[in-house]
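In case you want the letters, here they are:
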Amino acid sequence: MTYDETQAGTPVLEMSAAEYRDFLDEEARQRLGMSAQEFRRSYIAGELDDSDPDVGMLAALIAIGQNDLA
């Protein structure tokens, strides 16, 4: 993983696909007590509460990295 900042000071992280998968898995476990794979399956099946901020955060993180998660 590399870390940089824009001129405005906004952090920019670059991760390999494997690092991003590990990051998502850790986030899913910490936030919802399930793996990223379990989260994806449950989210697609409509089994999770969309009003839960952690669900929204994980869904957004997965969408951001979707090209690397195939």
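The rules behind each value
- Residues numbered from 1 in each chain as written.
- Predicted model: local features only at pLDDT ≥ 70, side-chain atom pairs only at ≥ 80, totals over all residues.
- Heavy atoms only, no water.
- Buried < 20%, exposed > 50% of the residue type's maximum accessible area, 1.4 Å probe, protein only.
- Helix = DSSP H or I, 4+ residues; strand = E, 2+ residues; numbered from the N terminus.
- Arc of directions from axis to C-beta.
- Contact = heavy atoms within 4.5 Å.
- Phe/Tyr/Trp six-rings, centres within 6.5 Å; stacked < 30°, edge-to-face > 60°.
- Salt bridge = Lys/Arg side-chain N within 4 Å of Asp/Glu carboxyl O.
- Patch = residues over 30% accessible without salt bridge, like charges linked within 9 Å, V, L, I, M, F, W, Y side chains within 5 Å.
- Areas by Shrake-Rupley, 256 points an atom, 1.4 Å probe, with all protein chains shown as cover.
- Core = buried A, V, L, I, M, F, W, Y, C linked by side-chain atoms within 4.5 Å.

Next up on the list: helix 2 (residues 36-44). Among all positions in helix 2, only Ala 36, Phe 39 and Ser 42 are buried. Down the axis, helix 2 shows its buried residues gathered within 125° of arc, on one side only. Pointing more than 90 degrees away from the buried face of helix 2 are the exposed residues Gln 37 and Ile 44. Against helix 1 (17-32) and helix 3 (53-64) lie the buried residues of helix 2. Count one or two residues on from helix 2 and you reach Gly 46, which has phi positive near 75°.

Turning our attention to the packing of aromatic side chains. For the structure shown, the criterion picks out 2 aromatic pairs. Ring geometry for Phe 39 and Tyr 43: centres 5.5 Å apart, planes at 20°, overall stacked. Placement of the pair is Phe 39 and Tyr 43 together in helix 2, with a separation of 4 residues, close to one helical turn. We classify Phe 39 as buried; its relative accessible area is 1%.

On to the pattern of salt bridges. By the definition in use, this model includes 4 salt bridges. Between Glu 27 and Arg 31 there is a salt bridge, with the nearest N and O atoms lying 2.8 Å from each other. With Glu 27 and Arg 31 both in helix 1 and 4 residues apart, this pair spans about one turn of that helix. As a salt-bridge pair, Glu 47 and Arg 41 come within 3.2 Å of each other at their nearest N and O atoms. Three or more residues are tied together by salt bridges with common partners; here these are Glu 27, Arg 31 and Asp 54.

This part takes up a nonpolar patch on the surface. A contiguous nonpolar surface patch, about 360 Å² in accessible area, is contributed by Met 1, Tyr 3 and Leu 13. Relative to the helices and strands, Tyr 3 is located in strand 1 (residues 2-5).

We now examine the nonpolar core. Of all hydrophobic cores here, the largest spans 11 residues; its members are Tyr 20, Leu 24, Ala 28, Met 34, Ala 36, Phe 39, Val 55, Leu 58, Ala 59, Leu 61 and Ile 62. Those elements that provide at least two residues to this core are helix 1, helix 2 and helix 3. With 5 residues, the top contributor of residues to this core is helix 3. Ignoring any residue separated from it by four or fewer positions in sequence, one finds Met 34 in contact with Asp 25, Ala 28, Arg 29, Phe 39, Ser 42 and Leu 48.

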